[in-house]
Amino acid sequence: MKELFLVVHSLCTGFYTTLKHIFRGPATELYPEYKRPLPARSRARIILTVDPDGRERCVACYLCSAACPVDCISMQAAENPEGRRYAAWFRINFGRCIYCGLCEEACPTAAIQLTPSFEHADRDILKMVAEKEDLQVDHCGKDPNYNFYDHAGVADAIRPKGGHINESPPVNVRTNMP
Ligand code: SF4
Ligand code: SF4
């Protein structure tokens, strides 16, 4: 008798679950017809952003490259006539990238940022290698107000020593001598 009750109970539970879903809309989202909006801080395609004044943020410090656990970032540092460092070339091999975000965490200038854009798979592995011109964008990304050169104390032709936010003018230490 107990077994019969268990069988009937299982059948009723199954039919109830089926009937419950007959009148609901489909749960499946058809991709690519529907693209679910992802949170702004989702980690996918990487970009190189610019300062609020439109200048390249990347100072080719190699910190992102050092932090990358799969060694997929490489670059060559250079310096422009204003005394400002930049990457002469900058390359990311997306075929190896695991989208961990450590490069973004390491970057002192907020230049390198991960975005929610995930549609860049390709069957040709060589097409997954992105050069600087593929990565560089003309906006500030997630940090619209941050300008490394306003705070860093690194002198260039625009902001000399003592000309940065909260920076005091340089002191001639010889004047402090007894
Ligand atoms: S997201 Fe991770 S794996 Fe990809 S480039 Fe940055 S540090 Fe390297
Ligand atoms: S992207 Fe950032 S961490 Fe990487 S080299 Fe440029 S400034 Fe340095």
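Residues numbered from 1 in each chain as written. Chains lettered and ligands numbered in written order. Predicted model: local features only at pLDDT ≥ 70, side-chain atom pairs only at ≥ 80, totals over all residues.

Q: Would you mind showing me how to read the overall build of the protein chain here?
A: Scanning the protein chain from terminus to terminus reveals 5 helices and 5 strands. Reading the protein chain from its N terminus to its C terminus gives the helix and strand order α-β-α-β-β-α-β-β-α-α. Here the C-alpha radius of gyration of the protein chain, 27 Å, is well above what a compact globule of 178 residues would show, namely 16 Å. Principal axes of the C-alpha set define a box for the protein chain whose edges measure 105 × 45 × 30 Å. Taken over 178 residues, the protein chain has a buried fraction of 17%. (Helix = DSSP H or I, 4+ residues; strand = E, 2+ residues; numbered from the N terminus. Rg over C-alpha atoms; globule rule 2.2 N^0.38 Å. Buried ≥ 20, exposed ≤ 12 C-beta atoms within 10 Å, placed from the backbone.)

Q: Can you walk me through the site of ligand 1 in this structure?
A: Near ligand 1 you find 13 residues, and of these Cys-68, Cys-97, Cys-100, Leu-102 and Cys-103 are the closest. When the residues that make up the shell around ligand 1 are grouped by side-chain class, the tally is 12 nonpolar, 1 polar and no charged. (Near = placed C-beta within 6 Å. Nonpolar A, V, L, I, M, F, W, Y, C, P; charged D, E, K, R; others polar.)

Q: Honestly, the sheet that holds strand 5 (residues 129–130) in this entry has me stumped. Any pointers?
A: Strand order in this open sheet of 3 strands is 2-3-5, and the pairing throughout is antiparallel. The open sheet has two edge strands with one neighbour each: strand 2 (73–79) and strand 5. Here strand 2 pairs with strand 3 (residues 85–93) via 7 bridges, running antiparallel. In the sheet register, Ile-73 faces strand 3, and the bridge partner there is Ile-92. (Pairing = 2+ DSSP bridges.)

Q: Which parts of the structure should I look at to understand unusual backbone geometry?
A: Most of the time, phi is negative for any residue but glycine, and the peptide bond is trans. The linkage connecting Tyr-31 with the following residue, Pro-32, adopts the cis geometry, with an omega of 10°. Tracing the chain through its elements places Pro-32 in the loop between helix 1 (2–22) and strand 1 (46–48). The backbone of Tyr-62 shows a phi angle near 75°, a positive value even though the residue is not glycine. Here Tyr-62 is to be found in the loop between strand 1 and helix 2 (63–67).

Q: Got a minute to help me understand the nonpolar core in this structure?
A: Within soluble globular proteins, side chains that are nonpolar tend to cluster in buried spots. One finds Cys-58 and Ile-112 to be the most contacted residues of the largest nonpolar core, which totals 20 residues. The leading source of residues in this core is strand 3, at 3 residues. Not counting residues within four places of it along the chain, the set of residues in contact with Ile-112 comprises Ile-46, Leu-48, Cys-64, Cys-103, Glu-104 and Cys-107. (Core = buried A, V, L, I, M, F, W, Y, C linked by C-beta atoms within 7 Å. Contact = placed C-beta atoms within 7 Å.)

Q: When you look at the environment of Asn-93 in this model, what are you seeing that I'm missing?
A: Checked against the element boundaries, Asn-93 lands in strand 3. Along the primary structure Asn-93 and Arg-174 are separated by 81 residues, whereas in three dimensions their C-alpha atoms are 51 Å apart. Excluding residues that lie within four positions of it along the chain, Asn-93 makes contacts with Cys-72, Met-128 and Val-129.

Q: Hey, could you run me through the environment of Met-177 in this one?
A: Along the chain, Met-177 falls in the segment after helix 5 (148–151). For the pair Met-177 and Val-50, spaced 127 residues apart in sequence, the C-alpha separation works out to 44 Å.

Q: Help me out: how do you make sense of the environment of Arg-41 in this one?
A: Positionally, Arg-41 belongs in the loop between helix 1 and strand 1. Expressed as a C-alpha distance, the spacing of Arg-41 and Pro-116, which sit 75 residues apart in the sequence, is 6.7 Å.

Q: Looking at this structure, I do not really get the pairing of strand 3. What am I missing?
A: Regular strands place side chains that alternate from one sheet face to the opposite one. Of the strand pairs in this sheet, strand 3 and strand 5 are connected by 2 bridges, and their pairing is antiparallel. The residue bridging Ile-92 from the neighbouring strand is Ala-130, located in strand 5.

Q: Is there a simple way to explain helix 1 in this structure?
A: Counting along an α-helix, one turn takes 3.6 residues, and residues three or four places apart therefore face a common direction. With 21 residues, helix 1 should reach 30 Å at 1.5 Å per residue; the first-to-last C-alpha distance of 31 Å fits that figure. Of all 21 residues in helix 1, 0 are buried, a share of ten percent or less. (Expected span 1.5 Å × (residues − 1).)

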